[in-house]
Amino acid sequence: MPYGLGIAKGMMVTLRNLVRKPVTVQYPEQRVAQHHRFRGEDFVWYEERCTGCASCAKYCPQGIIKIVTAPSGEMTQEGEKYKLEVFDIEIARCMFCGLCVEACPYDALHMGSGFERARPRQSDLVISVDELKASAKKPSTWFRPQLQDRGYDPFQPGDDVSWQDAGREKSVAPTYEEMLQRWVQGR
Amino acid sequence: MNLPSEQITINLGPQHPSTHGVFRLRVTLDGEVITDVEPIFGYLHRGTEKLAEERTYTQIVTLTDRLDYTSSMINNQAYVLAVEKLAGVTVPPRGQYLRVLTAELQRIASHLMGVGFFLQDLGASGTPLMYCFRERERILDLFEMLCGARVTVSYMRPGGVFQEPPPEFWPAVRHLLDTTPDAIAELERLISENEIVLARSKGVGVLTKEKAIDCAISGPNLRASGVAWDLRKADPYDVYADMDFAVPVGSNGDSYDRFLVRVMEVHQSIRIAEQCYRDMPGGPVRSELPFFFRPPPGDAYAHVEASKGELGFYLVSDGGIAPYRCKIRSPSFINLTVLAEMLLGWKVADLMVIFGSLDVNMGEVDR
Ligand code: SF4
Ligand code: SF4
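All figures in this text were calculated on a predicted structure; none of them were measured in a lab.

J.: Explain unusual backbone geometry to me, and be specific about the residues and the numbers.
T.: All names here are of chain A. Positive phi, close to 55°, is recorded for Phe-96, a residue that is not glycine. Tracing the chain through its elements places Phe-96 in the loop between strand E3 (81–90) and helix H3 (99–103). Note on Phe-96: relative accessible area 23%, which makes it partly exposed.

J.: Could you give me a rundown of the layout of surface pockets, with the residues and numbers involved?
T.: Put simply, the second largest pocket is a space of about 340 Å³. Lining the second largest pocket are 16 residues, with Ala-124, Pro-128, Leu-190, Ile-191 and Asn-194 of chain B sitting closest to its centre. Counting only elements with at least two residues in the lining of the second largest pocket, the list comes to helix H1 (5–18) of chain A together with helix H4 (93–122), helix H5 (127–147), helix H6 (169–191) and helix H7 (195–201) of chain B. Broken down by class, the residue content of the lining of the second largest pocket amounts to 10 nonpolar, six polar and no charged.

J.: A description of the side chain of Arg-37 of chain A should follow, citing residues and the corresponding values.
T.: Mapped onto the elements, Arg-37 of chain A comes out in the loop between H1 and strand E1 (40–45). For Arg-37 of chain A, which is buried and forms no salt bridge, the nearest opposite charge comes from Glu-168 of chain B, at a distance of 6.5 Å. In this structure the side chain of Arg-37 of chain A is engaged in a polar contact, spanning 2.8 Å, whose partner is the backbone oxygen of Leu-146 of chain B. Among the polar contacts made by the side chain of Arg-37 of chain A, one reaches the side chain of Gln-163 of chain B at a distance of 3.3 Å. Look past the residues within four positions of Arg-37 of chain A in its chain and what remains in contact with it is Ser-140, Thr-141, Trp-142 and Pro-145 of chain A together with Glu-144, Met-145, Leu-146, Gly-148, Gln-163, Glu-164, Pro-165 and Pro-166 of chain B.

J.: So what about the confidence of the model for chain B? Which residues, and what values?
T.: When pLDDT drops low, the exact placement of atoms in the prediction is not to be read closely. Residues at a pLDDT of 70 or more form 98% of chain B, whose mean pLDDT is 85. Across the interfaces of the predicted complex, the ipTM metric reaches 0.75, alongside a pTM of 0.85.

J.: Run through the site of ligand 2, naming residues and quoting values.
T.: Residues and elements named next belong to chain A. Close contacts around ligand 2 come from 14 residues, with Cys-50, Cys-53, Ala-54, Cys-56 and Cys-104 the closest. The pocket occupied by ligand 2, as judged from atoms lying within 2 Å of grid points, is the second largest cavity. Tallied by class, the residues present in the shell around ligand 2 amount to 11 nonpolar, three polar and no charged.

J.: Would you mind going over the sheet that holds strand E7 (residues 310–317) of chain B in detail, with residue names and values included?
T.: Strand pairing in a sheet relies on backbone hydrogen bonds. The paired strands run either parallel or antiparallel. Residues and elements named next belong to chain B. With antiparallel pairing, three strands are arranged side by side in an open sheet as E6-E7-E8. Strands with a single pairing partner mark the edges of an open sheet, and in this sheet they are strand E6 (298–305) and strand E8 (325–329). Across the sheet, the mean angle separating the axes of adjacent strands is 10° when strand polarity is ignored. Here E7 pairs with E8 via five bridges, running antiparallel. When the bridges of E8 are listed, Val-316 appears paired with Arg-325. Packed onto the sheet, helix H3 (residues 72–87) meets E6 and E7 and runs at close to 150° relative to E6.

The rules behind these values
Residues numbered from 1 in each chain as written. Chains lettered and ligands numbered in written order. Predicted model: local features only at pLDDT ≥ 70, side-chain atom pairs only at ≥ 80, totals over all residues. Heavy atoms only, no water. Helix = DSSP H or I, 4+ residues; strand = E, 2+ residues; numbered from the N terminus. Buried < 20%, exposed > 50% of the residue type's maximum accessible area, 1.4 Å probe, protein only. 1 Å grid on protein atoms, 1.4 Å probe; cavity = no way out; pocket = protein on both sides within 12 Å on 5 of 7 lines; lining within 4 Å. Points joined across faces, edges and corners; volume = space filled by probe spheres on them. Nonpolar A, V, L, I, M, F, W, Y, C, P; charged D, E, K, R; others polar. Lys, Arg positive; Asp, Glu negative; His and termini not counted. Salt bridge = Lys/Arg side-chain N within 4 Å of Asp/Glu carboxyl O. Polar contact = N/O pair within 3.5 Å; in protein donor to acceptor, adjacent residues only side chain to side chain. Contact = heavy atoms within 4.5 Å. pLDDT = per-residue confidence, 0-100. Near = heavy atom within 4 Å. Sits in = over half its atoms within 2 Å of the grid points. Pairing = 2+ DSSP bridges. Axes fitted to C-alpha atoms, helices over the stretch in contact; angles between N-to-C directions.

In structure tokens:
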């Protein structure tokens, strides 16, 4: 083989790629479509559903969920419902594995979809109970595919899910064409 | 004229080879020729084996993601196979197929990274690596769809896989399997016959068959030396026994062969993934196990053909909710044992080529 042929072939590939449209995106301005199953931070927590059973804290491999409860005096006939005084998730050490969500028997805890919570201090990386109460209710559909079935999309502004909706209802699944459009050609 | 000269000892790293993880090589040079090498590692030590002793069997899955972080799915698979052996759990067919499909996609992603960084180490900074990353990104997109994470997947569980893929996963897999062969062909056109790649890697860092077997080298590095040993064929796990694929082997055991074997394995992985896609059975993906389950006292060893070689988990149970002992046989660590010998006599410029061609991942070496 004459010397330089391999390099010439390589240059052809480079040339073809030179005129193609780029695959990279300019991040803060442009974003790629993020799947709604993405396990992100900004945990979504429904106070109405949470009984303070602390299963989530027990299942967390990192042991970073801190729960302090007090008897609330409500629902005494069904076993007592506890009032949450502290529900801190120290996400500085969280690995977003989702085991806490998997553990919750009452569908009260969901993963969020965010990924941009960089802070200068580690102490700022604790999601407190007040923040959980106030946060936008945009759960990830990971572990709750029923949310996807009802057409819910965490990236639509204003599409918050109420605690009654975060349950287990079913509705119409997207068609094959819709999926192809959004997840294959849209990327 | 005879100039007085002496040998010089320099440190490469702990930053320099960080494309593969934080690693340090203390190299003694006589002029440009390497006369002594001492690999120093442990910078990434996290005590995974010890941590595993105080976590439940399900929680340990999250630790295995972080061993070889370029092939988390395969690490998950090795671990859950060991637990299943220990606890005597059977996995429904759909779960097994999904495991094989995801493990093969992960192998493609991992080999692409290995190839990309090898070329990077050759001095082809950027371009080929970005081509590899472009393809890898598409596989990671699939993982995000499947289980919500791209790298630290934690998708598999003892008894199967965590959950059913979303419906849009299937058209996306189809699209990936259709387009990846073209992308790999493009990469091959770009580099496989490139004179610079050939000149820098052919005959460089030869690992002979005998030496490779003596040092218990496994994976693509062993196959490049001409030994057709693949655990997917030699000791089939999950549904690999039903899969039709070839085991590519090299002939010389040099850096170029190691690179070529990885590229050929990507084609075989696509073939396996194709069969999984075609034959995917229905039914449950997981046999239900309680979160805090207690395997009977005993021990079990399970191994898989990971992207870097034989990855094994040895678990000892004392009947509790956490293993009494967890030993990880990580392929990169054992593949690194021949590095010093392979480097002797080569020039310092060849060092990164030889190291890069071994495709070592420090997350797994130090665990
Ligand atoms: S996602 Fe994982 S690490 Fe984070 S709080 Fe939940 S269980 Fe703990
Ligand atoms: S979030 Fe769920 S698991 Fe955690 S305390 Fe509340 S109900 Fe229990």
